[in-house]
Amino acid sequence: MLRIAFVCYLFFSSLPLMAQESNLRIYSATDISAIRPLLHEFETLNPEATILYREFNTQELYDELLDPILPPPDVVISSASDLQVKLVNDGFAQPIYDVPNVSSHQPWAQWSNELFGFTYEPIVFVYNKESFQNRSIPHTHEALAEQLREQAKFYQGRIGTYDAASSGLGYLVASQDEVTFSLTGRLQESLGRARADIHCCTSLLLTRLTTGDLVFGYNLLGSYAMAKAMNNEHIGVIVPEDYALVIVRSAFVHRDAKAAELGADFIAYLRSPAGQQTIANNTALMPLDRTLGSHNDPENQLNSSTNFHPIRLAPELLLYLDQHKKTQFLNSWSQALGD
Amino acid sequence: MSTIEKILALISSSEEYSLRQRMLTRTALFMCTVLAILSVGVWHYANTSADYSYDRLLSSASVTMLDGINVAKNQVHIDLPYSAFEILQLAPDDKVYYAIYGPNADFLSGYFDLPVKLTDQQADLIEPHYALHTYKGKKVRFIVRQKRLSERSVAGNVTIILGQTTLARDAQMRDTLYAALTTLMVVMGTALLVMWIAINRALSPLNWLSSQLKTQSPMDKQNLPTTQMLEVAPLTQAINDYRQQWLSALAAMRDFIADASHQIRTAQATTKAQLEIALTSDNEQIDKNTINEIYKDHTKLTRLTNQLLAHATIVHRGDRQTFSVLTMQKILQDVITQAVRDYAHTDIEFEYVPPHNDVQILGDELVLKEALRNVIDNAVQHGSHTSNTTAIIRISLHYRQENHQVWVEDNGPGIPESMMSQALERFVKVGRNTQGSGLGLAIAQSAALTHRGQLLLSKSELGGLAVCFSFPHIMDANDA
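Chain B has the name histidine kinase in an unreviewed UniProt entry, where Marinomonas communis is given as its organism. Under the Subcellular location (unreviewed entry) heading, UniProt states for chain B: "Membrane". Quoted verbatim from the Catalytic activity (unreviewed entry) field of the UniProt record, the comment on chain B reads "ATP + protein L-histidine = ADP + protein N-phospho-L-histidine."

Under an unreviewed UniProt entry, the name given to chain A is Iron(III) transport system substrate-binding protein, and the organism recorded is Marinomonas communis.

In C-alpha cells, the structure reads:
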C-alpha cells in the first residue's frame, strides 16, 4: 500500500498510445519536479518519443526490479549508487555504446559501459537561519560533533538526518561516511544523544527545517537542499569543508528494455553538453560537468576548494550490501541513533 | 600441408627458376611456419601471464575477505573489509561475485547460486583453487579459499568463493598477445628484408663474373681481375685455370694441325714429284723401281694419314673420358690375334706372356687397342730385319703392386738411350727407318696419359726397344 502511495504515473505527451517502440519507460528515484525539464527537452529533441515516467523511493525501485510487478523499464535512474551497482553487477543492465564522456577526469562516474553517472550532488549540512543568528555555524564534521557535545541543549531533538534503514540513499551516505571519516562513530553517538530526528526523505527534512522544527540537517542531498534554499530565506546550505561526499545519480538501460536504443539515446543525452547545461540551468539537480556550476548555487560553493569525495560507481559499493555487513551496520547505527 | 607440397613440387619441377625468388619464397614459408609455432607459444604465454596477474588480485582479495570472518558470540561473524573490494578495483570494469559458506557447508552470505562446487578436501585449506565458469551469462574466474575456525563453539572450515568477470584479464591477454605478435612480425619482416639484401649481395659476384666474362673474348689470355672476396676467389681461379687449359689445348691442336699438314703436304709433294719424274721420263716403259718408290711413298702417306686420324681420335676420346672396366688379357689377345693375322706373310715371331692374375683396368677399349697396335706396328717396323735372326716381339702383362704394366719388346737395334725421350714426340723419327710416320709412339703416349698411366722406353733384354705401358689400379684411377 505504501508503495502504491509513492508511485505516481505521469504521461508526458498528449498522445499516450503510440507505437510501442517510441515509448520510453523510465523508472526513477528522482523527484519528478527536479527532472522534468530534462524529460521535456529530450521529447523536443526526439518528437516521436513518449516518456512514461514513474517515480520511486530508491529502495522501492530496487525491490521492484528484483521482484517485478510492473512491466520492465527501459531506463533506470537512481541516486543510490550502491543499489545501482548491485543491479548492474547482477546483470540487470545491458551495455550501451557511444555515450559521451562528460570529463576525462571522472572515470568513477561510469562503470563498465553499463552504468552512467550524470549528476554531481554533494551531501551537505542545512541549517535554519533564524536559529543560528547569533551562533557559529559548524562548517566541518568535527565542528558539528563538538557543538553537539557542547551545546547539547540547543540541538536536543532539533537535528535531523536521513533514515539509513528505510532509505537507500540514507544507507549509502551513512555507510560511506563510515568509510571516509574515522570519527563517524562518535558523530553518530552524538546525534543519538541529541535525539536526532530521522526521516526517509530530503523533502520532509527540508520542510521541517524551514518551519524551524529542526535547526540543523545533517547529510542532506545538496541538490534538493540548494534548490529549496534558493526560494526560501529561512534555510542556508553548507558544503562541509573537511570533506563532502558526492552522490552521482546514475542511469542504465534495463536488460529487458523494449526501447533499448531510445533508452541509450536518453542516457547519451543526459551526459551530452545540452543535457548537462539543462541540468545546470533548469533543474534542481547538479551537472556532472563541474565547470557549469548550478543556478541554485549563487555562492558557487560547488566550485570552492572543498574536499569532495565522489562515491565511485564501482563494485566496492557491493560490500555494504552484504547481508551481514548491512545488518551489523544498521544495528550499530540504530544503537547509536537509537530511539 | 598438401598445398605446400604442391607448391614445392611446382617450384622444383619448373625447369628455369630464380634462385633469389626461390630462396626468398622458402625463407618466407619457413618464417611463416616459425611464426605460426611461436604464435601458439605466445598465445599460451599471454593466457598464462594474464591468469597469473589477475589470479593474484583474486587471491589477495579473498585473503582480505577471510580476515573479516571470525567467531563472535559463538557464531561465525562476517565483517568484510572494504579494502577487499578495493583490491578488485584494479580490474575496474569487472563484476564481482562472492559467497561465504560456514563449517557445515551452510550458506552464510553473498550469492547463493554460484556455479562452484564446495569440496571439503584438506588440500584446499592450504592452496586455494581457481576455476572458470559461466555465471549470469558471463565468463567468471572463481577462487575458492578456506579458513579454519577453531573455537569451541564454532569449529570447521569457512569457505569463501570469490569470482570476477574476465574483461580486464582478457584485455591484458590480448594486449600481451598483440604486442608480442607485433614484435614477432617486425622481427620476421626485418629478417626477410635482411635476407633479401643478403641474397642480392651474395648473388652479386655472379653478375660481376658474367659481366667480366661478357666483355672478354674467350681467346683472351688475360686472367679475370683478382677479387677481394675469399669465397669468389676459387671460382675466378677455377675459371682462369680452365681457360688456360683450353688455351693450351687449343695451342697444342694448332701445333698439331700445322705439323700434320706439313707432314701430309711433304709426303704428297714427294709422291707427286715421283709421279712427275715418272711421267717426264723418256722411257715409254715405266721403271718398276720408280713405281716401287711411288708405292712406298704412298704407303707412307696412307699410314701417316691413318695415324694422324688415330691420334686425333685418341686425343678426342681421351677428352670425353668414357671409361669402363676392361680385362687387359682380352684386349691383348684381340690385338695380338689381329697383329699375327696382319703380319702372317712375314716371319716375325710373337710371344705372349700372360699374367698370373686377372688384370682389370678402367679405360677406353678402342683407344687402348689403337695404342697397343701402334706400339706393335712400331716394333715390327723397327724389329730385326736381318735374315739370320728371326724377329721376335714379346708382349707381356704384369700385375704389380703399384700398377699394371704391358711390355712390348723386340730384338731389333733399339734406340740409343739419349734419344729415347725424343722418340715420344710427334713426327720425330729415330733410327734408320724412314718408313715410319713418327706418330706411333706419340699415339701410345697420348693413350697412356689419358688413362692416367705412363709410357716408358727402355732397353730390352732381347736387345731392342722395350716399351712399357703402365696403368693404375682401378681404385687409384677412380681416386685420381
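1. Some points on the overall build of chain A
Assigned secondary structure in chain A consists of 13 helices and 14 strands. Buried positions account for 61% of the 339 residues belonging to chain A. Residue pairs at least 24 apart in sequence account for 77% of intrachain contacts in chain A once pairs closer than 6 positions are excluded. By element, 50% of the accessible surface of chain A is carried by carbon and sulfur atoms, the whole surface being about 13300 Å².

2. Some thoughts on the confidence of the model for chain B
A residue-level look at chain B finds 88% of positions with pLDDT of 70 or above and a mean pLDDT of 82. Of all the helices and strands in chain B, helix α4 (residues 122–126) of chain B carries the lowest mean pLDDT, 59, while strand β3 (residues 96–101) of chain B carries the highest, 92.

3. Re the interface of chain A and chain B
The interface is formed by 22 residues belonging to chain A together with 24 residues belonging to chain B. Of the roughly 2000 Å² buried where chain A meets chain B, counting both sides, 47% is carbon and sulfur surface. It is E316, L319 and H324 of chain A in chain A that bury the most area against chain B; as a group they hold 28% of the surface buried on that side. Put simply, chain A and chain B have two salt bridges between them. For K95 of chain B, the salt bridge goes to E114 of chain A, with nearest N and O atoms at 2.8 Å. At the junction of chain A with chain B, the criterion picks out 18 residue pairs in polar contact (both at pLDDT 80 or more). Of all the secondary structure elements, the ones that give two or more residues to the side of chain A that touches chain B are α4 (81–89), α7 (168–180) and α13 (323–336) of chain A. With four residues, α13 of chain A is the largest single contributor of residues to the side of chain A that touches chain B. Looking at the side of chain A that touches chain B, its residues break down into nine nonpolar, six polar and seven charged.

4. Quick look at the pattern of salt bridges
All chains considered together, the criterion is met by 19 salt bridges over all chains. With a shortest N-O distance of 3.2 Å, R312 of chain A and E316 of chain A are connected by a salt bridge. Looking at E316 of chain A, the relative accessible area reads 5%, which means it is buried. Between E365 of chain B and K369 of chain B there is a salt bridge, with the nearest N and O atoms lying 2.9 Å from each other. Linking E365 of chain B with K369 of chain B, this pair stays in helix α9 (residues 365–382), spanning four residues, or about one helical turn. The network of salt bridges with shared partners includes D51, D55, R141 and R169 of chain B.

5. Let's talk about the sheet that holds strand β11 (residues 392–399) of chain B
Residues and elements named next belong to chain B. The strand order β9-β11-β12-β14-β13 describes an open sheet built from five strands, whose pairing is mixed. Edge positions in the open sheet fall to β9 (349–353) and β13 (454–459), since each of these has one partner strand only. Pairs of neighbouring strands in the sheet enclose a mean axial angle of 15°, with direction left out of account. With six bridges connecting them, β13 and strand β14 (residues 465–471) associate as antiparallel partners. Among the inter-strand pairings, K459 is bridged to a residue of β14, identified as L465.

6. Some remarks on the pairing of β11 of chain B
All names here are of chain B. Where β9 lies against β11, five bridges are found, and the strand directions are parallel. Within β11, the residue paired with E349 across the bridge is I392. What sits between the antiparallel neighbours β11 and strand β12 (residues 404–410) is a turn of four residues.

7. Describing the nonpolar core
Ranked by size, the top nonpolar core spans 135 residues in total, and within it Y155, I159 and F266 of chain A carry the most contacts. Among all residues touching F266 of chain A, those that are not within four sequence positions of it are L24, I26, L39, F42, V75 and I77 of chain A. Core analysis: the next-biggest nonpolar cluster, separate from the first, contains 43 residues, L368, V408, L441 and L465 of chain B among them.

8. Some points on the packing of aromatic side chains
Residues and elements named next belong to chain A. Here the structure, examined in full by the defined rule, presents 25 aromatic pairs over all chains. Ring geometry for W108 and Y120: centres 6.1 Å apart, planes at 45°, overall tilted. Taken as a pair, W108 in the loop between α4 and β5 (110–111) and Y120 in the loop between β6 (115–117) and β7 (121–128) lie far apart in primary sequence, 12 residues in all. One exposure class covers both W108 and Y120, and it is buried. For the pair F125 and Y218, a centre-to-centre distance of 5.7 Å together with 40° between the ring planes defines the contact as tilted.

9. Re the pairing of strand β2 (residues 75–78) of chain B
Residues and elements named next belong to chain B. Alignment of strand β1 (residues 69–72) against β2, held across four bridges, turns out to be antiparallel. In the strand pairing of β2, N70 is matched with H77. As consecutive antiparallel partners, β1 and β2 are separated by two residues, and within that stretch K73 has a phi angle of approximately 50°, a positive value.

10. Considering helix α11 (residues 260–271) of chain A
Residue and element names in this part refer to chain A. Helix length check: α11, at 12 residues, gives a terminal C-alpha distance of 17 Å against a target of 16 Å (1.5 Å per residue), a fit within 8%. With nine of its 12 residues buried, α11 lies for the most part within the structure. Of all the positions in α11, only L262, G263, A264, F266, I267, A268, Y269, L270 and R271 are classed as buried.

11. A short note on the sheet that holds strand β5 (residues 129–135) of chain B
Residues and elements named next belong to chain B. Taken in spatial order, the five strands make up an open sheet running β4-β3-β7-β6-β5, and their pairing is antiparallel. Looking at the sheet topology across the chains shown, the edges are occupied by β4 (107–110) and β5. Put simply, the sheet's adjacent strands are angled 25° from each other on average, direction ignored. Pairing geometry for strand β6 (residues 138–150) and strand β7 (residues 155–165), over 11 bridges, is antiparallel. Paired with K147 across the two strands is V158, which belongs to β7.

12. Concerning the packing of helix α8 (residues 184–193) of chain A against α13 of chain A
Residues and elements named next belong to chain A. Two elements in contact, α8 and α13, have axes separated by 7 Å at closest approach and are oriented at 45°. Taken together, α8 and α13 sit at an angle that is classed as oblique. In this structure, α8 contributes Q188, E189 and G192 to the contact, and α13 contributes F329, W333 and A336. Across the contact of α8 with α13, the residue classes tally to three nonpolar, two polar and one charged.

13. Section: α7 of chain A
Residue and element names in this part refer to chain A. With 13 residues, α7 should cover 18 Å at 1.5 Å per step; its first-to-last C-alpha distance of 18 Å lies within 8% of that length. Most of α7 is tucked away, with 10 of its 13 residues classed as buried. Turning to α7, its buried residues number three or more, namely G168, L169, G170, Y171, L172, V173, A174, S175, Q176 and D177. Measuring from the backbone nitrogen of L169 back to the side-chain oxygen at the start of α7 gives 3.3 Å, which picks out S167 as the cap.

14. Some thoughts on a nonpolar patch on the surface
Together, Y17, L19 and M23 of chain B line one region of the surface with nonpolar side chains, adding up to about 280 Å² of accessible area. Mapped onto the fold, L19 of chain B is located in helix α2 (residues 19–67).

15. Section: the side chain of S294 of chain A
All names here are of chain A. Turning to its location among the elements, S294 is positioned in the loop between α12 (273–282) and β14 (308–310). From its side chain, S294 meets the backbone nitrogen of N296 in a polar contact 3.1 Å long. Apart from the residues within four sequence positions on either side, S294 is in contact with A280, L285, M286 and L302.

16. Quick notes on the environment of S150 of chain B
Residues and elements named next belong to chain B. Turning to its location among the elements, S150 is positioned in strand β6. The exposure class of S150 is exposed, given its relative accessible area of 58%. For the pair S150 and V71, spaced 79 residues apart in sequence, the C-alpha separation works out to 8.8 Å.

Conventions used here
Residues numbered from 1 in each chain as written. Chains lettered and ligands numbered in written order. Predicted model: local features only at pLDDT ≥ 70, side-chain atom pairs only at ≥ 80, totals over all residues. Heavy atoms only, no water. UniProt positions renumbered as here; feature names shortened; annotations may be inferred. Helix = DSSP H or I, 4+ residues; strand = E, 2+ residues; numbered from the N terminus. Buried < 20%, exposed > 50% of the residue type's maximum accessible area, 1.4 Å probe, protein only. Contact = heavy atoms within 4.5 Å. Areas by Shrake-Rupley, 256 points an atom, 1.4 Å probe, with all protein chains shown as cover. pLDDT = per-residue confidence, 0-100. Buried area = accessible area lost by both parts, 1.4 Å probe. Salt bridge = Lys/Arg side-chain N within 4 Å of Asp/Glu carboxyl O. Polar contact = N/O pair within 3.5 Å; in protein donor to acceptor, adjacent residues only side chain to side chain. Nonpolar A, V, L, I, M, F, W, Y, C, P; charged D, E, K, R; others polar. Pairing = 2+ DSSP bridges. Axes fitted to C-alpha atoms, helices over the stretch in contact; angles between N-to-C directions. Core = buried A, V, L, I, M, F, W, Y, C linked by side-chain atoms within 4.5 Å. Phe/Tyr/Trp six-rings, centres within 6.5 Å; stacked < 30°, edge-to-face > 60°. Expected span 1.5 Å × (residues − 1). Parallel < 35°, antiparallel > 145°, perpendicular 65-115°, else oblique. Patch = residues over 30% accessible without salt bridge, like charges linked within 9 Å, V, L, I, M, F, W, Y side chains within 5 Å.

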